[in-house]
Amino acid sequence: MDVYLIPPEYVRQVYPNIDEFMDRLVPTTHGRFDKVDILHDMLTAKEHLWVVVKEDQETIVGMILTEITVYPRKRMLSIQYAAGDQLDEWMVEALRVLENWAVDNECTAMEITGRRGWVKKLKLHEWEEEFVVVKKEGLKKAELKIVESEKTDGQKKRRRNTSNTTGRVKNLSKQTA
């Protein structure tokens, strides 16, 4: 299997051959991207499209999307997505090609964000799990309350109240930050 980088100007020509892989890939974004979003990123060179081709040089069996991520202290090749058939037959070669390209582009490391199954596969190739991403869906606005100070000019107000409250609660839930 051979792995090729597709320049942005050729993405439209290759796209019909990877559309099936895009259909598999989009659900793994968990609603973050749709096919049109990913296509836009490939056409604008935000993401790099790599294709894996059989020895016949005609059949595409996989695709990989990468992006160079520049952190304040590191430049890394980020493997955003991969989809295809016969992964075990081309993964090692793909990683080798991507690592060479990363070094040529002054990256000091590579990273991948993906499902837990990648950790086991990549550990065999000197990769290590760095951290876990945790998310919360279905966000809703909570009622916020604020306690008003009992102090005036830095002096504590004395109250003859026997209650154990330390302040007044004011409902500000209708106000936005």
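Further up the page is the structure itself.
Everything quoted here is computed from the prediction, not taken from an experiment.

1. Considering the pattern of salt bridges
Summed over the entire model, instances satisfying the criterion amount to 7 salt bridges. In this structure, Asp23 engages Lys35 in a salt bridge whose closest nitrogen and oxygen atoms are separated by 2.8 Å. Linking Asp23 in helix H1 (residues 11–25) with Lys35 in helix H2 (residues 35–43), this pair joins segments that are 12 residues apart in sequence. For Lys35, a relative accessible area of 22% corresponds to the partly exposed category. Of the charged contacts in the structure, one is a salt bridge between Glu143 and Lys145, with a shortest N-O distance of 3.9 Å. Residue Lys145 is classed as exposed on the basis of its relative accessible area, which comes to 58%. Residues joined in a network through salt bridges with shared partners are Asp19, Asp23 and Lys35.

2. Comments concerning H2
All buried positions along H2 are accounted for by Ile38, Asp41 and Met42. Down the axis of H2, the sector holding all buried residues measures 100°, keeping them to one side. Buried residues belonging to H2 abut H1, strand S2 (48–53) and strand S3 (60–70). Where H2 ends, the next residue or the one after it, Ala45, has phi of about 65°, a positive value.

Reading the values: the criteria
Residues numbered from 1 in each chain as written. Predicted model: local features only at pLDDT ≥ 70, side-chain atom pairs only at ≥ 80, totals over all residues. Heavy atoms only, no water. Salt bridge = Lys/Arg side-chain N within 4 Å of Asp/Glu carboxyl O. Helix = DSSP H or I, 4+ residues; strand = E, 2+ residues; numbered from the N terminus. Buried < 20%, exposed > 50% of the residue type's maximum accessible area, 1.4 Å probe, protein only. Arc of directions from axis to C-beta. Contact = heavy atoms within 4.5 Å.

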